[in-house]
Every structure is written in C-alpha cells, then in structure tokens.
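Read off the chains here:
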Amino acid sequence: MTAQMPPAHPFDDDKLREECGVFGVVGVKDAANFVALGLHALQHRGQEAGGIVSHDPEQGFNSARRFGYVRDNFTKQSLMETLPGPLAIGHVRYSTAGSKGNTAIRDVQPFFGEFSMGGAAIAHNGNLTNANSLRRELIERGSIFQSSSDSECIIHLMARSLQQNVPERIKDALRRVEGAFSVVAMTRTKLIGVRDPLGVRPLVIGRIGEDGWVLSSETCALDIIGAEFIRDVDPGEMVVIEHGLLKSHRPFEPAKPRFCIFEQVYFSRPDSILMGRSVYETRRQIGIELARESAVDADIVCPVPDSGTPAAIGFSHESGIPYGMGIIRNQYMGRTFIEPTEQIRNMGVRLKLNVNRALIKGKRVILVDDSVVRGTTSRKIKDMILDAGAAEVHFRIASPPTAWPCFYGVDTPDRDKLLAARMSEDEMRDYLGVDSLKFISLDGLYRAAGEAEGRSKSCPQFCDACFSGEYPVEPRDMVEKGFQLKAAE
Ligand code: SF4
C-alpha cells in the first residue's frame, strides 16, 4: 500500500498555496545538515513532504524522503547520518501537479536518475505547462514513469539526450519543457541551478565559508545557515558550480522576464529579498498604495495575520488611522488536528484566529488581507469581528481580484471557485457582508513593486496572470483539457 498523508492545514482551504522550495549546498562538511536547515526556512513554500539527496565520495549517493515537516524528520541524528558528504540538494513540497493534496512518497523530490556518465538528482519548483503531452510522448517511446509528478519528465528527457555530460543533458531536457521552473540539481561533483527563460519562480545564489556555495528559492534560507547572498540566478540562466568555481551558461533563447508578482504579495517570506527589493518593504508599499486608492473613515487598521501585516502597517502609516492587532493568530495550530472531528471542523477559522475584543468593540475596523480566493474565510473573519462588537468592517485587499487560476506552480482552485471570477466587486462586497471592499489596482501593485509607471500594456514586468488572465506561457495542457483563455481585447 502506498503511504499517504492528509493535507497539512485542514482549515486553510481559502489561500493560494505556495508551490515548492528548493535548496542546495556544495563545498561544506555534511552538506545535508545545511540543506535541512535551509528547507526548514523554506517550509512556508510546502508542508506536505520533503526530501534530501546527498553525495559522498566514498559512500556515493544517498537519499531520504519523508512526509511532514522538516523539523519532524530531518533533525533526527539517525537519519542525517545516512546523508553524508559535501554536496546535497533538497526540496519541500506542496503538491501542485501529480497526486494533488494526496501526495504519495514516490512523488516526493528530489528525483534521481542513473545515467551512463553517473547519477544525477533534480529538484524542481514550478509547474510544466506541457507535461501531459511530454509524458504521453515519453511513454510511447518506452519511458516508465515512477511518479505522477510533472517534474519526472525532466529526468526522462535527460535519459533520452545524447549529450555526454549531465549539465548538457539538463539543457537538452529543459529546452523541451514549457512553463515555470527553478531547478536545483547535482551530480557527484557539481551543484547546478537553472531558471526558466521568464524567471517566473525565484532562485538565488549564496556563499558559505571559504569554498561553499548555496542555491535557494529565497534569501531567508541563506540567512539561517549564515550564508552571504550573492545574486539572483538570472531568468534563463544555468549556473554550474564545481571545485569552488561558478560558471554561468545561457541555454535558452533570451526572453523578457516575467517574475511572479504574487511572490511579492504573499508567497515569499517578508524577510526575503526579491529582485533586489525587500519583500517586507514591497508589502508595506502595497498598503500605502491601497490607502491612497481606497481611503475610508475608520478608527483602526488591523491585519489579517500574518500575511496582511506589512500592508496594514503601510495602510495605517499613509492614512493616519491607528494600527492595532485586532486579530491574534494561534501560532501553535500547526497540524495538531490532522484529522479533525466534525465538531472541531465546525470551529473552523476560530481555531487559528481569535479576535482581540477589547480593541475591536465599538470601532470602525479596516481589515487588511493579502487576497480573496474563495471568500469563505473572509466571511468567517467578518462574522468574528462583528460578533466582537465592531461598528463597521471595511475590507482592504493587498492584491487585485484573483480571477484566474495559476498554472505555473501555485495551487489555485478551478476558475469557477474563484470569487472574483463569478462576481463584480460590489457583488463580492455584498456576499462577504462588509461595509466596503476594495482591492489594490494592478497599477498600484506594480508601483508598490518598484515600477513607477505602473503596469504598461506593452511591457509588463511581472507575471500577473491570476489577476489579468494574460498568461505569459500558454497553459497548453489545460487548454487541451478545455480551459478557456481570456478573449483577446
Ligand atoms: S499566475 Fe499569479 S501566482 Fe501564478 S505565477 Fe503568475 S502571478 Fe504568480
């Protein structure tokens, strides 16, 4: 029987889910220990499962893949001793393709392949938009898939390449795939990182000690191991690190970068640096823009914790309305109730969030949240605030209406489940039952992210498809399945 694990957060069904996190280290003693720490810092990007592959010159490749949190698995000495060597990569996963929400251990990365020139392991953050057609083609030509993950296509494409070394085979494979990918890979001696030509998902380079190098989804994971942030891997760049030296390759046709703007709003940790900018500062700026665009008379500005906090601070600063912690998050919710009873399930969001009654009572409250997906949690939060005696509730949302699904490595509900795909802003306000509801405009979001002119139609700087419906890479598999793209204007 295949081991399976329930979803990590049974009550948290009203957020877009972060995709995955990748991390790799070379040139340090017991690299797997550093990878475990890095993955722990990237845990917000995936909580279902994690895996590490290491290489030791005497003991060869070793791997461990486990369900659950990094801290519950990769802190055990008995396990870490099985992952020796100066080179290791790892992955944390929330399933976005494959057995969604119901991960099997065979879907847990890194994946490993034994080639004629030696073994290689690969970990992928993102989602391939032509994985179905590639999979069909590869199976017809004799490939035997072990998992339901789109990322396994990369290993099979590498196996079919006629190139004589692993980096060249990775290039061959990645030239065949479409969509979003930030890949960390390793051979016996090399640590390799690649970003797709548009650079949709992040990947950064760090240094540790005299000879050590690090690749990570986010800079916050460099900090935890004391590594120095060097730079982003550029969109379309492959870096190959061996014997303490980094070489840069450009395997793809140049393209205009389209970094995921939702990383700025929600996915990345606020203590990370994205594209040279502090995520915290961008989110605070979003709050400032939001206050300029949608001012309202009120007594207090409260974040929906934790992701709404920097924007609420910015909103308060710009509007002059005092900031307060009107909602308190229970930090220890975790996976305490993996299989909740009906009674516990009915408590829903109250298990995770509680209203600070003394602060809220009789006040006109501005609630700042990062996004509205289905709207179910927003309604419950509004009920809690009104039950606590608030006089008015005004929702201010730090992203534009999420009206389109993401096909680039973020788990989004089907389009007909997205509130903004079904309703106008006024209809959403009535459905949520709040006194007012305003979203930041796409232009305002771009300004907050450092694009002073806002979003220019001719040259958008980010991927913003979940707001605009304009997909920078056609979601080919989904179109084949009948997904309706937005009609050209
Ligand atoms: S569709 Fe949205 S979540 Fe997906 S990559 Fe683009 S901006 Fe990010």
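Predicted, not measured: the structure shown is a model, and the values here were computed from it. (Residues numbered from 1 in each chain as written. Predicted model: local features only at pLDDT ≥ 70, side-chain atom pairs only at ≥ 80, totals over all residues. Heavy atoms only, no water.)

1. A short note on the UniProt feature "binding site: Mg(2+)" (unreviewed entry) in the protein chain
UniProt's entry tags Ser307, Asp369 and Asp370 with the feature "binding site: Mg(2+)" (unreviewed entry), counted in the numbering of this structure. Across 64 residues of sequence, these annotated residues stay compact in space, with a maximum C-alpha separation of 7.0 Å. With respect to the helices and strands, serine 307 occurs in the loop between β17 (300–303) and α10 (309–319). Residue serine 307 is classed as buried on the basis of its relative accessible area of 18%. Sequence-distant contacts of serine 307, defined by excluding residues within four places in its chain, comprise Lys15, Tyr266, Asp369 and Asp370. Positionally, aspartate 370 belongs in the loop between β20 (364–369) and α13 (376–387). The class of aspartate 370 is buried, set by a relative accessible area of 0%. (UniProt positions renumbered as here; feature names shortened; annotations may be inferred. Helix = DSSP H or I, 4+ residues; strand = E, 2+ residues; numbered from the N terminus. Buried < 20%, exposed > 50% of the residue type's maximum accessible area, 1.4 Å probe, protein only. Contact = heavy atoms within 4.5 Å.)

2. Some details on the pairing of β20
Across the 6 residues that make up β20, a large majority, 5, are buried. Taken together, the 4 bridges between β17 and β20 define a ladder with parallel strand orientation. Counted as the bridge partner of isoleucine 300 is valine 365 from β20. Handedness of the crossover joining β20 and strand β21 (residues 392–397) through α13: right-handed. (Pairing = 2+ DSSP bridges. Right-handed = clockwise from strand over helix to strand, strands pointing away.)

3. Some remarks on the pairing of strand β4 (residues 87–93)
With respect to burial, β4 is a largely interior element, 7 of its 7 residues being buried. Every second residue of β4 is oriented toward a common face, with Leu87, Ile89, His91 and Arg93 on one face and Ala88, Gly90 and Val92 on the other, all of them buried. Pairing geometry for strand β2 (residues 49–56) and β4, over 7 bridges, is antiparallel. Each residue of the ladder has a partner; that of serine 54, found in β4, is alanine 88.

4. A closer look at the packing of aromatic side chains
This model, assessed by the stated rule, comprises 13 aromatic pairs. Here the aromatic residues Trp404, Phe407, Tyr408, Tyr471 and Phe483 are joined through ring pairs into a cluster of three or more. Above the plane of the ring of tyrosine 431 lies arginine 379, whose end atom (NZ or CZ) is 4.3 Å from the centre. One cation-aromatic arrangement involves arginine 415 over tryptophan 404; the distance from NZ or CZ to the ring centre is 3.6 Å. (Phe/Tyr/Trp six-rings, centres within 6.5 Å; stacked < 30°, edge-to-face > 60°. Lys NZ or Arg CZ within 6 Å of the ring centre and 35° of its normal.)

5. A short note on a nonpolar patch on the surface
A cluster of nonpolar side chains, Tyr323, Met325 and Ile328, forms an exposed patch at the surface whose accessible area comes to about 230 Å². Counting through the fold element by element, isoleucine 328 comes out in strand β18 (residues 327–329). The partly exposed category is assigned to isoleucine 328, whose relative accessible area is 39%. (Patch = residues over 30% accessible without salt bridge, like charges linked within 9 Å, V, L, I, M, F, W, Y side chains within 5 Å. Areas by Shrake-Rupley, 256 points an atom, 1.4 Å probe, with all protein chains shown as cover. Salt bridge = Lys/Arg side-chain N within 4 Å of Asp/Glu carboxyl O.)

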